Amino acid sequence: MLMVLVAGCSTSPEQTSLLNRDEIFDRIDQDDDGIALRADYETVVALSNRTMVVASYPGGDITIEAVLDSLTESPPSGLIDAENPSVEQFRARLTSMVRLRLAAVAIDEAGFEIEFEVDDEILNSQVQTHLSGGFEEWAQREAVKADPRLDKFATPHCITVIATGTEIEAVAARERLDAGELAPVVASEVNIAGSTPSPNGDVGCADLLTWANAFGESAAPLGAMNAGDTSEVVSMASDYSPTGRLWLVFFVRELRHEEKNLSVLGPFAQRVLADLVVGYEVVVDDGIGSWDPAGLSVTPAR
């Protein structure tokens, strides 16, 4: 029985006849764990049938032969014999082939034409072209539908910053703003020297990602602020302050909606694509493994 199974995966009758006991064991123990498990045995049986469908996905199937042909045409590092890959090599290539096809299906269903009856190199080229082209713009719109806050995050916020060395000073400065005093005037009187580029607290206009990079978690209040709003007092570590911390108050002078640029938060194509493909049903032959929708991969049979 072992000799018959090996023959199904060998490249020639002569090679089969020369296999000794250790070589036969190595073929059955394809995961190289030193134990010929039933799962290893079932995998060898499965791989011996080249015409068998090893995976099904929305709109298509993948056969054993297709995976072996792919390994022959584009061998991975460490592959010795494309006709007799290790289980890990076979699953890895099958995983890549399924992922590519799921991406193509999702892009096609989004309205971007994909020609499926082509080899994987051309299929991948189509996918990459759409991901860097029209699909990226489509993905931006879909991302904003799913999370409208992205529009605000991508909108430049022009802000004036009050930056003091103590919380008491910052609270007093905020009270002056609430009383109607102009933010540039208050900042020019209370800000620690060098804490802002301009003495009047004007730090310019930028999207919220930029402000988050500049002020860290202290920038969080900006996400809920509109033009004319004043934040609560927040603080951050800083070498500009003799106390080691700056106490901040943000004043939003203007929101430049016309300059909104979603690309600063992207790219969106890969993230939106990932959300789409996890919802597709993929069936993998039990002799090879099972499909993990979260990891988008073929995992070992149990």
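Residues numbered from 1 in each chain as written. Predicted model: local features only at pLDDT ≥ 70, side-chain atom pairs only at ≥ 80, totals over all residues. Heavy atoms only, no water.

J.: Any chance you could explain the confidence of the model for the protein chain here in plain terms?
T.: Keep in mind that low pLDDT regions are not for reading the predicted coordinates in detail. Within the protein chain, residue pLDDT values average 86, and 84% of them lie at 70 or more. Predicted confidence is poor over residues 1-21, with pLDDT under 50, and the contacts of this stretch with residues over four places away or in other chains come to 29 contacts. (pLDDT = per-residue confidence, 0-100. Contact = heavy atoms within 4.5 Å.)

J.: Teacher, can you tell me more about unusual backbone geometry here?
T.: As a rule of thumb, non-glycine residues mostly have phi less than zero, and peptide bonds are mostly trans rather than cis. Each neighbour pair has its own omega, and for G266 with P267 the value is 5°, a cis peptide bond. Within the chain, L296 stands out as a residue other than glycine whose phi angle is a positive 50°. Structurally, L296 can be placed in the loop between β8 (290-292) and β9 (297-299). (Helix = DSSP H or I, 4+ residues; strand = E, 2+ residues; numbered from the N terminus.)

J.: Sorry, what's going on with the pairing of strand β1 (residues 53-57) here?
T.: Consecutive residues of a regular strand have side chains that alternate between opposite faces of the sheet. As paired elements, β1 and strand β2 (residues 60-63) share four bridges and run antiparallel to each other. Bridging from a neighbouring strand, A55 pairs with I62 of β2. Counted along the chain from β1 to the antiparallel partner β2, the turn is two residues long, and its residue G59 has a positive phi close to 95°. Bridge count for β1 against strand β7 (residues 283-284) is two bridges, and the pairing is antiparallel. Across the sheet, the residue bridging to S56 is V283, located in β7. (Pairing = 2+ DSSP bridges.)

J.: How do you make sense of the pattern of salt bridges when you look at a structure like this?
T.: Opposite charge on two side chains permits them to pair, given that their charged atoms come into close proximity. Applying the stated criterion across every chain, the model contains 14 salt bridges. K260 is paired through a salt bridge with D151; the nearest N and O atoms lie 2.8 Å apart. With K260 in the loop between β6 (245-255) and α13 (269-277) and D151 in helix α9 (residues 149-153), this residue pair connects regions lying 109 residues apart in the sequence. Looking at K260, the relative accessible area reads 38%, which means it is partly exposed. It is possible to trace a salt-bridge network through shared partners that takes in R50, E65, D69 and E83. (Salt bridge = Lys/Arg side-chain N within 4 Å of Asp/Glu carboxyl O. Buried < 20%, exposed > 50% of the residue type's maximum accessible area, 1.4 Å probe, protein only.)

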